[in-house]
Number of protein chains: 2
Amino acid sequence: MPSTTVEDYLKRLYMLQQQTERRLVSMGSFAAAVGVAPGTATAMVKTLEDSRLVEYESRQGVRLTDAGERLALHVLRRHRLVEQFLVEVLGLDWSEVHPEAEVLEHAISDKVLARIDELLGHPEVDPHGDPIPTPAGDVADRTLASLAECEIGQPMRVAQVLDQDERFLRFADESGLTPGIDLTVESRDDVADAVTVRAGERDAVTVGTSVAAKILVEGV
Amino acid sequence: MPSTTVEDYLKRLYMLQQQTERRLVSMGSFAAAVGVAPGTATAMVKTLEDSRLVEYESRQGVRLTDAGERLALHVLRRHRLVEQFLVEVLGLDWSEVHPEAEVLEHAISDKVLARIDELLGHPEVDPHGDPIPTPAGDVADRTLASLAECEIGQPMRVAQVLDQDERFLRFADESGLTPGIDLTVESRDDVADAVTVRAGERDAVTVGTSVAAKILVEGV
DNA sequence: GATGTAATTTTGATTAGTCAAAATGAGTAA
DNA sequence: TTACTCATTTTGACTAATCAAAATTACATC
Ligand SMILES: [Mn+2]
Ligand SMILES: [Mn+2]
Ligand SMILES: [Mn+2]
Ligand SMILES: [Mn+2]
């Protein structure tokens, strides 16, 4: 029933909300995230408000209602299950599935989604380690540290990579920074703005802090 | 690049053309097949003509150009491969895949399509026995007889079922009239407008001629 | 040839989604 | 207070896709 466009707006809003205090998202950041002109976002937010999918206070910001969040999580579930499917069943590379899923997430029926979920054995995360919401709309919230802040010298395991960019993901792959890989942070240099990690037998890899911040790890 | 709407118009036009002499399709039948008002079809045909996807002579009819046919066959290929995939890989029933494919055919990239094709072992027909166009746009044209006209008493094999309706397909399934099944036409009664067929050990099944005409068979 | 019918095209409107640019307003600095 | 700045909203316009209903036209019939 909701259009592809509406689904994308809601999904974006959900993701933005996760990073804001009081879940309130400014029109400016919303428009930028969706990739439309500010006035377009204002217009769309008003129609979403009419459909009771968001709450909106002029000049204050916008936030999802419960119905809106439910829908957003449903889209997110489709997106991530599709990504996992494309990698596990069709053998695509994790660096190329995001744009595919961005389209397919709007074309998968509940029935097909359920079959995919089954075929994959009800996975909890997608190829990037992003948690897959349950059909009921629950999202596991692990509190993960990033390579930029975790303890030095402790054995860690990569759990999640916070960037869908194709080039970034290929780089992460080549550097052995993919979900499931065990490693330790060898050193951190604030002046050089760099972090050095070692994964098993591999050569140590040094990356800038902004990249380190996108690799989330859990204790092992 | 072409919209979902354009893809559907072209696919429909291709299928209609197959049934007309000189490949010329009247506006009335085109509009009806797509399910829009006559004026809507006229408007769309004009924009398709601007894109050189169809030839159009006012009050005469419309026909695909080579470029239009190429595109139509590409959509048809996606549609049928998706149907086959849904049945073979995800285990959906052949009676329910058509509407799913009607949406998914617009959301599958060339890359994903190639992987699906590979995973399925390059099938030549979809679950209904419809031929799957090659990537180059070639369609195998078998000349099949239907149960309404084939020879009586000869061993035959069901090759294709010409109706995507869910209820019809469930009925065909229950009657054992699915692609691959061997059978013989026992008798044909013009007065009763009925055809009786027997498949292996099963009880004989009698159907009306209009149904018999939708079940295509090949000699075995 | 005149006329009637039915298919087709044209016209006028509508909805969803979008942008550019003008108008507005809330908060900051003076 | 008064001004200024920058985010936000409003306005006016556009495209794709659609429909209902009026106008046109090709064709068959008388
Ligand atoms: Mn999307
Ligand atoms: Mn992902
Ligand atoms: Mn379709
Ligand atoms: Mn089919």
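See the structure shown above.
Here the structure is a predicted model, which means the values were calculated and not measured.

Draft legend 1. Spatial organisation of the overall build of chain A. Of regular secondary structure, chain A possesses 8 helices and 8 strands. Relative to the compact-globule value of 17 Å for 220 residues, chain A shows a C-alpha radius of gyration of 19 Å, a close match. Once the C-alpha set of chain A is aligned to its principal axes, its extents read approximately 55 × 45 × 25 Å. Taken over 220 residues, chain A has a buried fraction of 45%.

Draft legend 2. Broad picture of the protein's contact with DNA strand D. Inspection of the region around DNA strand D gives 18 residues, with Gly28(A), Lys46(A), Tyr56(A), Ser3(B) and Thr40(B) positioned closest. Within the side chain of Arg59(A), one N or O atom sits 2.9 Å away from a base oxygen of DNA strand D. At the level of elements, helix H2 (27–34) and helix H3 (38–50) of chain A together with helix H1 (4–17) and helix H3 (38–50) of chain B are the ones that each hand at least two residues to the surface near DNA strand D. Take the surface near DNA strand D: its biggest share by element is 4 residues, from H3(A).

Draft legend 3. Seen up close, empty space enclosed by the protein. Under the defined criterion, the tally for this structure stands at 1 cavity of 30 Å³ or more. Volume-wise, the largest cavity comes out at about 140 Å³. If you trace the largest cavity, you find 16 residues lining it, with Phe85(A), Leu104(A), Ile108(A), Phe85(B) and Ile108(B) closest to the centre. Those elements that provide at least two residues to the lining of the largest cavity are helix H4 (66–88) and helix H6 (110–119) of chain A together with helix H4 (66–88) and helix H6 (110–119) of chain B. Looking at side-chain class alone, the lining of the largest cavity contains 16 nonpolar, no polar and no charged residues.

Draft legend 4. Fine view of unusual backbone geometry. The backbone of Arg59(B) sits at a positive phi, close to 65°, despite the residue not being glycine. Looking at the element boundaries, Arg59(B) is found in the loop between strand E1 (54–57) and strand E2 (61–64).

Draft legend 5. Focus on the interface of chain B and chain A. Contacts between the two partners involve 18 residues from chain B and, on the opposite side, 18 residues from chain A. Buried surface at the junction of chain B and chain A, summed over both partners, amounts to about 1,500 Å²; 67% is from carbon and sulfur atoms. Three residues, Leu90(B), Ala107(B) and Arg115(B), lead the burial of chain B against chain A; their summed loss comes to 33% of the area buried on that side. Of the charged contacts in the structure, one is a salt bridge between Glu96(B) and Lys111(A), with a shortest N-O distance of 3.0 Å. If you look at where chain B meets chain A, you find 8 residue pairs in polar contact (both at pLDDT 80 or more). Counting only elements with at least two residues in the side of chain B that touches chain A, the list comes to H4, helix H5 (97–104) and H6 of chain B. Here the element with the most residues in the side of chain B that touches chain A is H6(B); it accounts for 5 residues. Taken together, the residues that form the side of chain B that touches chain A break down as 12 nonpolar, 2 polar and 4 charged.

Draft legend 6. How the structure looks around the side chain of Thr65(A). Residues and elements named next belong to chain A. Positionally, Thr65 belongs in the loop between strand E2 (61–64) and H4. A polar atom in the side chain of Thr65 sits 2.9 Å from the backbone oxygen of Arg52. Discounting residues that sit within four places of it in the chain, Thr65 has contacts with Arg52, Leu53, Val54 and Glu55.

Draft legend 7. A look at the sheet that holds strand E4 (residues 156–161) of chain A. Residues and elements named next belong to chain A. Strand order in the open sheet formed by 6 strands is E3-E8-E4-E5-E6-E7, and the pairing between neighbours is antiparallel. On the outer flanks of this sheet lie strand E3 (145–146) and strand E7 (205–208), each paired with one strand and no other. Pairing analysis gives 5 bridges linking E4 to strand E8 (residues 215–219), with the strands arranged antiparallel. Within E8, the position partnered with Arg157 by the bridge is Glu218.

Draft legend 8. Main features of the protein's contact with DNA strand C. Near DNA strand C there are 18 residues, and of these Ser3(A), Thr40(A), Gly28(B), Lys46(B) and Tyr56(B) occur at the shortest range. Expressed as a percentage, the sugar and phosphate content of the atoms of DNA strand C within 4 Å of the protein is 77%. Between DNA strand C and Ala37(A), the relevant distance is 2.9 Å, taken from a phosphate oxygen to a main-chain nitrogen or oxygen of the residue. Take Thr40(A): an N or O atom from its side chain is 2.6 Å from a phosphate oxygen of DNA strand C. The leading source of residues in the surface near DNA strand C is H3(B), at 4 residues. Grouping the amino acids of the surface near DNA strand C by side-chain chemistry returns 7 nonpolar, 8 polar and 3 charged.

Draft legend 9. Broad picture of the relation of the copies chain B and chain A. Here chain B sits on chain A after a turn of 180° about the axis and a move of 0.0 Å along it, with an RMSD of 0.0 Å. What the rotation and shift describe, once combined, is the action of a two-fold rotation axis. Minimal C-alpha separation from the rotation axis in chain B is found for Ala107(B), amounting to 3.4 Å. Comparing contact sets, 100% of the residues at the interface of chain B also lie at the interface in chain A, consistent with an isologous, same-surface contact.

Draft legend 10. Looking closely at the pairing of strand E8 (residues 215–219) of chain B. All names here are of chain B. Of the strand pairs in this sheet, strand E3 (residues 145–146) and E8 are connected by 2 bridges, and their pairing is antiparallel. What sits directly across from Ala145, in E8, is Val217. The sheet contact formed by strand E4 (residues 155–161) and E8 spans 5 bridges and is antiparallel. Counted as the bridge partner of Val158 is Val217 from E8.

Draft legend 11. Structural detail: the pattern of salt bridges. This structure, assessed with the given rule, holds 22 salt bridges over all chains. Look at the salt bridges and you will find they share partners, linking Asp8(A), Lys11(A), Glu102(A) and Glu105(A) into a network.

Draft legend 12. Representation of the coordination of the manganese ion (ligand 3). Residue and element names in this part refer to chain B. On the protein side, the manganese ion (ligand 3) has Asp8 (OD), Glu102 (O), Glu102 (OE), Glu105 (OE) and His106 (NE2) as donor atoms, found 2.0 to 2.4 Å from it. All donors of the manganese ion (ligand 3) belong to a single chain; written as a sequence motif, their spacing is D-x93-E-x2-E-H. Exposure remark for Glu105: the relative accessible area of 0% places this residue in the buried category.

Draft legend 13. Molecular detail of the coordination of the manganese ion (ligand 2). All names here are of chain A. For the manganese ion (ligand 2), the full set of protein donor atoms is Glu83 (OE), Asp126 (OD) and His128 (ND1), and the range of their distances to it is 2.1 to 2.3 Å. Here the donor residues for the manganese ion (ligand 2) map to a single chain with the spacing E-x42-D-x1-H. Here the residue Glu83 occupies a position in helix H4, and Asp126 occupies one in the loop between H6 and E3, the gap between them amounting to 43 residues. You can call Asp126 buried: its relative accessible area is 3%.

Conventions we followed
- Residues numbered from 1 in each chain as written.
- Chains lettered and ligands numbered in written order.
- Predicted model: local features only at pLDDT ≥ 70, side-chain atom pairs only at ≥ 80, totals over all residues.
- Heavy atoms only, no water.
- Helix = DSSP H or I, 4+ residues; strand = E, 2+ residues; numbered from the N terminus.
- Rg over C-alpha atoms; globule rule 2.2 N^0.38 Å.
- Buried < 20%, exposed > 50% of the residue type's maximum accessible area, 1.4 Å probe, protein only.
- Near = heavy atom within 4 Å.
- Polar contact = N/O pair within 3.5 Å; in protein donor to acceptor, adjacent residues only side chain to side chain.
- 1 Å grid on protein atoms, 1.4 Å probe; cavity = no way out; pocket = protein on both sides within 12 Å on 5 of 7 lines; lining within 4 Å.
- Points joined across faces, edges and corners; volume = space filled by probe spheres on them.
- Nonpolar A, V, L, I, M, F, W, Y, C, P; charged D, E, K, R; others polar.
- Contact = heavy atoms within 4.5 Å.
- Buried area = accessible area lost by both parts, 1.4 Å probe.
- Salt bridge = Lys/Arg side-chain N within 4 Å of Asp/Glu carboxyl O.
- Pairing = 2+ DSSP bridges.
- Least-squares fit on C-alpha atoms with pLDDT ≥ 70 in both.
- Donors = N, O, S within 2.8 Å, 3.2 Å for Na, K, Ca; no water.

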